[in-house]
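# Descriptive structure summary
Letter by letter, the chains look like this.
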Amino acid sequence: MKEFYLTHILDQQPPVMLPVLSGCAIIVRGQPRGGPPPERQINLSNIRAGAMARRAAQGQPDTKDTPDEPWAFQAREFLRKKLIGKEVCFTVEIRTALGREYGMVYLGKDTTGENIAESLVNEGLATVRREGIRGNNPEQARLCELEDQAKSSKKGMWSEGGGTHTIRDIKYTIENPRNFVDSLHQKPINAIIEHVRDGSVVRALLLPDYYLVTVMLSGVKCPTFKREADVETPEPFAAEAKFFTESRLLQRDVQIILESCPNQIILGTILHPNGNITELLLKEGFARCVDWSMAVYTQGAEKLRAAERSAKERKVRIWKDYVAPTANLDQKDRQFVAKVMQVVNADAMVVKLNSGEYKTIHLSSIRPPRNEGEVQTNLYKRFRPLYDIPYMFEAREFLRKKLIGKKVNVTVDYIRAATGPGEGTPAFPERTCATVTIGGINIAEALVSKGLATVIRYRQDDDQRSSHYDELLAAEARAIKNGKGLHSKKEVPIHRVADISGETQKAKQFFPFLQRAGRSEAVVEYVFSGSRLKLYMPKETCLITFLLAGIECPRSSRNLPGGMQVAEPFSDEAMLFTKELVLQREVEVEVESMDKAGNFIGWLHIEGVNLSVALVENALSKVHFTAERSAYYKTLVSAEDACRQRKEKIWANYEEKPVEEVVHVSEEKERVANYRPVYVTEIADTLHFYTQDVETGGQLESLMETMRAEIAAQPPVEGSYSARRGDYCIAKFADGEWYRARVEKVESPAKVHVFYIDYGNREVVSSTRLAAIPPAFSTRTLPAQATEYAFAFIQVPQDEDARADVVDCVVRDIQNSQCLLNVEYSGATCPHVTIQFGDTKDDVGLGLVKEGLVMVDVRKEKHLQKMVTEYLNSQESAKSARLNIWRYGDFRADDADEFGYSR
């Protein structure tokens, strides 16, 4: 039997030593082939070493800890240092009925090597079992001879003193593990790895104080062994990971850095002269990074991420089925340089690629400021996230000042798939999430470090995260420690920004200040068209709608009943030009005047460039006659002449007179189409408008001339008129002329609200500008000529900005012009009508729908269904093209209340 085992072992590759169980028992393994090789315990024949200490059985209070026998630990250490990791050869002499094997172990590949039992006896670390010794056995005789020599030399256990000093004081428990770990100050401590539970959890003996502790490797986790109903089931690659750690660390001398102790779990890093086991496990695909303990890892978290990334790329072991988040992207789409054109909220931006394409990029793994809990909103105040969410404005401004107009490096980390709306959650389109750097600075990390964003926490198996996720977590920890931004305990900053866009009365109050201020600083918040912008005035803390003076930009494309036709070319190019030049940039503005809708008109300068002049120079706008009285008139005309001569863009065919095609709309028989000519005199903020009949226009002019002549001959006595609500009177308008009016409200003698009955406009005047109406010119002589109407088939936007856009468009299109009007149905306060341009016969309301400025009011009357269908089709076209109110998609399902719309 002895010869058989020896031959069998020698025919194979020599076994490798695993742990030394005691001074007279070892475990060996063969070389690994396709997986962990089986273990085999060999007990040394004919000798006995002291028994090692043993801890009392858990859950059995009657049992006690058993200490080391004298010289037991020294015997184990002698074998450990001599044999661990070395190749050995062994013979089996006896196998008991229970399968226990006794034999001889030799250091090396054959029996000519050092006999381990003899070495132990020679050092006085083991005794010879003399009972049953046969005199004819030379090996047994040799052991007895060596023992006698050790006794005479007083080696080991044969020395004087009895060996009590060799018994260890093992500490199995630590009263306060956290204080113990902190007391070491993350300094390396010598240790012996006594047991490997799985690839990332070991039992270590800390030297020289003999603390026996369980240590979990910081920053990683290996597959484990799950136990259910006394059955242990390994996760995939759990056994391989355990063998990988055992073969490198078990019973090796190592150094351990104890790094943290959350929830009584000691986290640490094991340092071996041959390398860092944590990094090796990751590199070989035996472990994955874990965020919760990565933060305490002291050897550089980026090394762990790099090792894990290497394993993923090679698809080894636990990553064999791994698919990278950007696997479907070409290299040019994964990393590129782009110019930042717009910052969206505080975690996204619109960039322009070298190809000219625009792309929205979201910063990976961060969340912008948001309202925690219920939002306290004023019923009369519209919620504006940029100004009403704490630190949102500061975050946006940080990105705007740092990035707008600059080139950045973009590395795409993952593509977040589009999600449909769920219960209580909105729908999100597909998102490209990336790390954006400028000058070597990670913008997301800078934002988080200032407390202006937070880091998203992920499930452990969620690989869609920033490639610099650990740096983001570290930055957030610093921000929390220093009380920055969102983590500050100070009162949150409040931004009281007045939005006076479309607020005529508020605009009138601000106008004198802006006009007298000369050049004022502003930030362009939004570009509606080439010449219409929304500005933020930091000094006045208000938002205004600003129209460029002195120019006439091309109008946007217009949908006609016969199909889409661009009314004025280059409108999109003009808007794009303005966006690229000024959007979210700091500019200077000169306010010259204000229109009836509360929009300010003036000049805008950016870095010495007049935007009006720039648009004309680039053949994207024409000079308007109102520029004649400005200081920039000569420059504008010169630029326009140069473009006209070169026949660029809008001047390419300026000599040709385009033939306007009149498209006739065939109507349903049931619907009566009786269009009559009217003159549009006023557009109200509610999108109601007032018209005069063209047929009676001559009568009004005659009455006005006669009335003014009579008043000139017999002027009224100033202050003699006492205004009362509902009275008809005459009022002196800003042009110095008298008009017929009706008193609507009397606040005081200095504030009387009047309505001009022949034109439809309203004004607040002093009673000194009012007088009694001469009887010859009362409404009995000629009824009030201004008739109020509302657009048919249209929902008026409740959102202030959207409504201002519509009113501005209608004012530009039809105010003070002759149109054709047809009454479609009655309304609560006035008739609802369709109105056509006087020259092209295009439906004005339908055009607003096609431009995405309004939504359709669906009527149920049968005779109107053809018209309703046409309007709805136009609405779908606008929605598909993402025009104006549809630029963020169909908001009606989830955000109807927020945007002021309903289906």
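From a predicted model like this one, the values you see are computed outputs, not experimental measurements. (Residues numbered from 1 in each chain as written. Predicted model: local features only at pLDDT ≥ 70, side-chain atom pairs only at ≥ 80, totals over all residues. Heavy atoms only, no water.)

With that settled, the discussion passes to the UniProt feature "domain: TNase-like" (unreviewed entry) in the chain. In this structure's numbering, the residues bearing the UniProt feature "domain: TNase-like" (unreviewed entry) are residues 11–160, 187–321, 334–489 and 518–653. Annotated as 27% helix and 39% strand, the span residues 187–321 places its first and last C-alpha atoms 39 Å apart. (UniProt positions renumbered as here; feature names shortened; annotations may be inferred. Helix = DSSP H or I, 4+ residues; strand = E, 2+ residues; numbered from the N terminus.)

Quick look at the pairing of strand 42 (residues 751–756) now. Judged from the 6 bridges that link them, strand 41 (residues 738–748) and strand 42 form a sheet pairing that is antiparallel. If you follow Val743 over to strand 42, its bridge partner there is Val754. The loop that links strand 42 with its antiparallel partner strand 43 (residues 762–765) comprises 5 residues; one of these, Gly760, has a positive phi angle of about 90°. (Pairing = 2+ DSSP bridges.)

Next up on the list: the UniProt feature "domain: Tudor" (unreviewed entry) in the chain. Per the UniProt record, the feature "domain: Tudor" (unreviewed entry) sits at residues 722–780. For residues 722–780, the end-to-end C-alpha separation is 22 Å, with 0% helix and 49% strand making up the annotated structure.

We now examine unusual backbone geometry. With omega at 5°, the peptide bond leading from Leu207 into Pro208 counts as cis. Topologically, Pro208 is positioned in the loop between strand 10 (201–206) and strand 11 (211–217). Of note in this structure, Asn345 is not a glycine but carries a positive phi near 55°. Positionally, Asn345 belongs in the loop between strand 19 (335–344) and strand 20 (348–352). On the accessibility criterion, Asn345 (42% relative accessible area) is partly exposed. (Buried < 20%, exposed > 50% of the residue type's maximum accessible area, 1.4 Å probe, protein only.)

We now examine the sheet that holds strand 43. The 5 strands lie next to each other as 43-42-41-40-44, forming an open sheet whose pairing is antiparallel. Edge positions in the sheet fall to strand 43 and strand 44 (770–772), since each of these pairs with one other strand and no more. Strand-to-strand twist across the sheet, computed as the mean angle between neighbouring axes with direction ignored, equals 45°. With 5 bridges joining them, strand 40 (residues 728–732) and strand 41 adopt antiparallel strand pairing. (Axes fitted to C-alpha atoms, helices over the stretch in contact; angles between N-to-C directions.)

Bringing the pairing of strand 21 (residues 358–363) into the picture now. Relative to strand 21, strand 20 runs antiparallel, the two being bridged by 5 bridges. In the strand pairing of strand 21, Val350 is matched with Thr360. Hairpin remark: strand 20 followed by strand 21, antiparallel, with 5 residues in the connecting loop; positive phi at Gly356, about 95°.

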